[in-house]
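The lines below spell out each chain.
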Amino acid sequence: MTVYAAASLSEAFEDLATEYEAANPDVDVRLNFAGSARLAAQIGAGARADVFASANGATMSRVVAEGLTATPPVSFVRNRLALVVPIDNPADITELADLSDDSLVLAVCAPEVPCGALAQAVLNDAGVDAEPDTEETSVRAVLTKVTLGEADAGLVYATDVAAGADKVASVPLGPQIRFNDYPVAAISDRAVAADFVHFVLGPNGQGILRSHGFESP
């Protein structure tokens, strides 16, 4: 079974796959992680996916509109935006407004990627005129830029802060907090696809997702 999942779900879905395989020894779960927009494009181009978990509803809606889902999408977790800096914070960034400094190197997701759309919404809410220096195809690419010190700051998800371990630090966003709800749907009509979606929505799956910092939708 092939599961397409947003990059921000990487560690959580690896654990979900391990747990599901343990309960279903005859099933081999293959995971494909990338930015949600890229995954949706691959599915639209005929990629053989059984399940798709997107980082926002808008991306999933495009797959639904093309008639490519076998079950209706269901929101299964939510995630919030976070501002991250290298652990030593060389640019001394202490608030969202600091991102208006043109001398900073700011990494964000591309606008068509869910984390990119969310980042722009948060910056607009705060009235911060920040010009990104790099726009990445996935939130993990943004995180990598920050962890390697190639960017002074990045806008990622709260769960990515934990994934960055001791290489990044989080800067409070203040009142400018926004969430993305993550939908999941079976793409193929195979029974195992619907069963995996059921597992993700169930208590065991939800427990694994919460352990990775995701919140209930």
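Residues numbered from 1 in each chain as written. Predicted model: local features only at pLDDT ≥ 70, side-chain atom pairs only at ≥ 80, totals over all residues. Heavy atoms only, no water.

Peer 1: Just to check I follow, could you spell out the overall build of the protein chain for this structure?
Peer 2: When its secondary structure is counted, the protein chain shows 8 helices and 9 strands. Computed over its C-alpha atoms, the radius of gyration of the protein chain comes to 17 Å, within 12% of the 17 Å expected for a compact globule of 217 residues. In terms of principal-axis extent, the alpha carbons of the protein chain reach across some 55 × 35 × 30 Å. Burial analysis of the protein chain (217 residues in total) assigns 49% to the buried set. Within the protein chain, contacts between residues separated by at least 24 positions form 79% of all contacts whose residues are at least 6 apart in sequence. If you sum the accessible surface of the protein chain, you get close to 9500 Å²; carbon and sulfur atoms cover 47% of it. Separation of charge centres in the protein chain, based on 12 positive and 30 negative side chains, amounts to 8 Å. (Helix = DSSP H or I, 4+ residues; strand = E, 2+ residues; numbered from the N terminus. Rg over C-alpha atoms; globule rule 2.2 N^0.38 Å. Buried < 20%, exposed > 50% of the residue type's maximum accessible area, 1.4 Å probe, protein only. Contact = heavy atoms within 4.5 Å. Areas by Shrake-Rupley, 256 points an atom, 1.4 Å probe, with all protein chains shown as cover. Lys, Arg positive; Asp, Glu negative; His and termini not counted. Charge placed at Lys NZ, Arg CZ, Asp CG, Glu CD.)

Peer 1: It is not clear to me how the pattern of salt bridges should be interpreted in this structure. Could you clarify?
Peer 2: Note that side chains of opposite charge can pair when their charged atoms are close. Applying the stated criterion across every chain yields a total of 8 salt bridges. As a salt-bridge pair, Asp181 and Arg78 come within 3.1 Å of each other at their nearest N and O atoms. With a gap of 103 residues between them, Asp181 in strand 9 (residues 179-186) and Arg78 in strand 4 (residues 74-86) connect regions that are remote in the sequence. Overall, the relative accessible area of 30% leaves Asp181 in the partly exposed class. For Arg78, a relative accessible area of 25% corresponds to the partly exposed category. A salt bridge links Asp125 to Arg178; the nearest nitrogen and oxygen atoms lie 2.6 Å apart. Pair noted here: Asp125 is in helix 4 (residues 114-126) and Arg178 is in the loop between strand 8 (168-171) and strand 9, with a separation of 53 residues, a long-range link. On the basis of relative accessible area, Asp125 is assigned to the partly exposed category, the value being 41%. Accessibility expressed as a relative area gives 34% for Arg178, which makes it partly exposed. What you see here is one network of salt bridges that share partners, running through Glu11, Arg140 and Asp160. (Salt bridge = Lys/Arg side-chain N within 4 Å of Asp/Glu carboxyl O.)

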